[in-house]
Amino acid sequence: MEVAKKKFKNHPLVAVIGTGAATDTIALHDREDLTWLRSTEVAAKQACRMANVEPGQVDFAEVHDCFTIAEICVTEALGFFPAGKGGEAEAAGETALKGKKPVNTSGGLKSKGHPVGATGIAQILELVLQLRGEAGERQASKARIGLAQNMGGSGGSAVVHILKAL
Amino acid sequence: MSGITARYWREIPRRYRGEAVKSVKTGKVYFPSRLVEPGNGNRKFKPVKLEYSGELLTFTIIRIAPRGFEKQGPYALGIIELDGGGRITTQIVDVPLEEVKIGMRVRVEFRKISDDGDEGIHLYGYKVVPER
């Protein structure tokens, strides 16, 4: 901590306060519910327990929106919205930059890009910029706790991190 | 398509004959077969043959087909819930694309999947057609 404070004395510090990882079947036909990303749900619960935060206390998030439907399913599995309500919430602007739960302020995979291996790093970078208040034009008004969700194999594996501005 | 090897021959029991297993503990059908049941560690299964009829759970239209399937596109690909348990992902054929509907009844048929060029062997497996 002292080293970090010295090295980054011109920036607010950011800490990883929770992490979780989980797996699911690769084949969609093996999943009980085709619209539910169980690996994301389990990873998020682990990360929230470790960080001692509820999904409602997360101010903003970067999620793996490899397709439009993926972002909707992920925001539901993370516990931001009830199952089946993620699409309506997004259409109503709740996940927009000025909404109550900004999602993918970076543009996300579909707008910013999806270089696979670097996608997760880019999510953490966006979280850090937002938490430091250095995101410029796309700065979210409240950014104290941020969440990053990444996945592969149509949700066959998922990883969630929760970061906090100190 | 290339490299028709043991990896392909090993698939024959399930691709040609629909061989699956049923959990003695939960009664759930697993296809392809498994040695251990997820969630409870059960290792007791009995062999079963898939029932070749079912209902279309969901589908998509593949317009940009992957290598080996270029000549077949556009085609419908879907997930089928089989009557005797178990699900398969396969092509829905012998039906105009606009007539493919979620919930439609289908029958599993033995079909050619692809071939290994002019001198290669044909690869067979299952596809579904509307029940008439």
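Basis of the calculations
- Residues numbered from 1 in each chain as written.
- Chains lettered and ligands numbered in written order.
- Predicted model: local features only at pLDDT ≥ 70, side-chain atom pairs only at ≥ 80, totals over all residues.
- Heavy atoms only, no water.
- Helix = DSSP H or I, 4+ residues; strand = E, 2+ residues; numbered from the N terminus.
- Rg over C-alpha atoms; globule rule 2.2 N^0.38 Å.
- Buried < 20%, exposed > 50% of the residue type's maximum accessible area, 1.4 Å probe, protein only.
- Contact = heavy atoms within 4.5 Å.
- Areas by Shrake-Rupley, 256 points an atom, 1.4 Å probe, with all protein chains shown as cover.
- Pairing = 2+ DSSP bridges.
- Buried area = accessible area lost by both parts, 1.4 Å probe.
- Salt bridge = Lys/Arg side-chain N within 4 Å of Asp/Glu carboxyl O.
- Polar contact = N/O pair within 3.5 Å; in protein donor to acceptor, adjacent residues only side chain to side chain.
- Nonpolar A, V, L, I, M, F, W, Y, C, P; charged D, E, K, R; others polar.
- Axes fitted to C-alpha atoms, helices over the stretch in contact; angles between N-to-C directions.
- Expected span 1.5 Å × (residues − 1).

1. A short note on the overall build of chain A
When helices and strands are tallied, chain A shows six helices and four strands. Taken from N to C terminus, the helices and strands of chain A fall in the order α-β-α-β-α-α-α-α-β-β. Computed over C-alpha atoms, the radius of gyration of chain A comes to 15 Å, within 12% of the 15 Å expected from 2.2 N^0.38 for 166 residues, which places it in the range of a compact globule. Along the first, second and third principal axes, the C-alpha set of chain A runs to 50 × 30 × 30 Å. Relative to its full complement of 166 residues, chain A shows a buried share of 42%. For chain A, restricting intrachain contacts to residue pairs at least 6 apart in sequence, the fraction spanning at least 24 positions comes to 66%. Accessible area for chain A stands at about 8,600 Å²; split by element, carbon and sulfur atoms hold 57% of it.

2. Comments concerning the pairing of strand 1 (residues 19-23) of chain B
Residue and element names in this part refer to chain B. With five bridges joining them, strand 1 and strand 3 (residues 45-49) adopt antiparallel strand pairing. Looking at strand 3, one finds that K22 is bridged to K46. Direction of pairing for strand 1 relative to strand 2 (residues 29-30): antiparallel, over a ladder of two bridges. Residue pairing in the sheet places K22 in a bridge with V29 of strand 2. In textbook terms, the turn of a hairpin is the stretch between consecutive antiparallel strands, and for strand 1 and strand 2 this stretch comprises five residues, one of which, G27, has a positive phi near 80 degrees.

3. Looking at the sheet that holds strand 3 of chain B
Taken in spatial order, the three strands of this open sheet run 2-1-3 (chain B), and their pairing is antiparallel. Both outer strands of the open sheet, strand 2 and strand 3 of chain B, are each paired with one neighbouring strand and no more.

4. As for the interface of chain B and chain A
Taken together, the contact between chain B and chain A spans six residues of the former and six residues of the latter. Carbon and sulfur atoms supply 49% of the area buried between chain B and chain A, which totals about 550 Å² over both sides. Across the chain B-chain A interface, the total number found is zero salt bridges. Remark: the boundary between chain B and chain A carries four residue pairs in polar contact (both at pLDDT 80 or more). The leading source of residues in the side of chain B that touches chain A is strand 6 (residues 87-92) of chain B, at three residues. Looking at the side of chain B that touches chain A, its residues break down into three nonpolar, two polar and one charged.

5. A closer look at the sheet that holds strand 2 (residues 60-62) of chain A
Sheet strands associate in pairs through backbone hydrogen bonding, adopting either a parallel or an antiparallel arrangement. All names here are of chain A. Read across the sheet, four strands follow the order 1-4-3-2 without closing on themselves; strand pairing throughout is mixed. Edge positions in the sheet fall to strand 1 (14-23) and strand 2, since each has one partner strand and no second. On average, adjacent strands in this sheet sit at an angle of 20 degrees to one another, irrespective of strand direction. Pairing analysis gives nine bridges linking strand 1 to strand 4 (residues 157-165), with the strands arranged antiparallel. Following the sheet pairing, V16 is matched in strand 4 by L163. Across the face of the sheet, helix 2 (residues 38-51) comes into contact with strand 1, strand 3 (145-152) and strand 4 while running at roughly 145 degrees to strand 1. Contacting strand 1, strand 2, strand 3 and strand 4, helix 6 (residues 119-132) runs over the sheet at an angle of about 175 degrees to strand 3.

6. With respect to the environment of T105(A)
Residues and elements named next belong to chain A. With respect to the element layout, T105 can be found in the loop between helix 4 (86-91) and helix 5 (108-112). Measuring from C-alpha to C-alpha, the distance between T105 and A91 comes to 16 Å, with 14 residues separating the pair along the chain. In contact with T105, other than residues within four places in its own chain, are E62, L97, E126, Q130 and R138.

7. Notes on helix 6 of chain A
All names here are of chain A. Given a rise of 1.5 Å per residue, 14 residues ought to cover 20 Å, and the 20 Å separating the end C-alpha atoms of helix 6 matches this to within 8%. Within helix 6, the full set of buried residues consists of T119, G120, Q123, E126, L127, V128, Q130 and L131. Buried residues belonging to helix 6 abut strand 1, strand 2, helix 5, strand 3 and strand 4. A positive phi of about 75 degrees marks G133, the residue just after helix 6.

8. Re the side chain of E41(A)
All names here are of chain A. Relative to the helices and strands, E41 resides in helix 2. Of note is the side chain of E41, whose polar atom sits 2.7 Å from the side chain of K45. Those residues within four positions of E41 in sequence are excluded, and the remaining contacts are W36 and A77.

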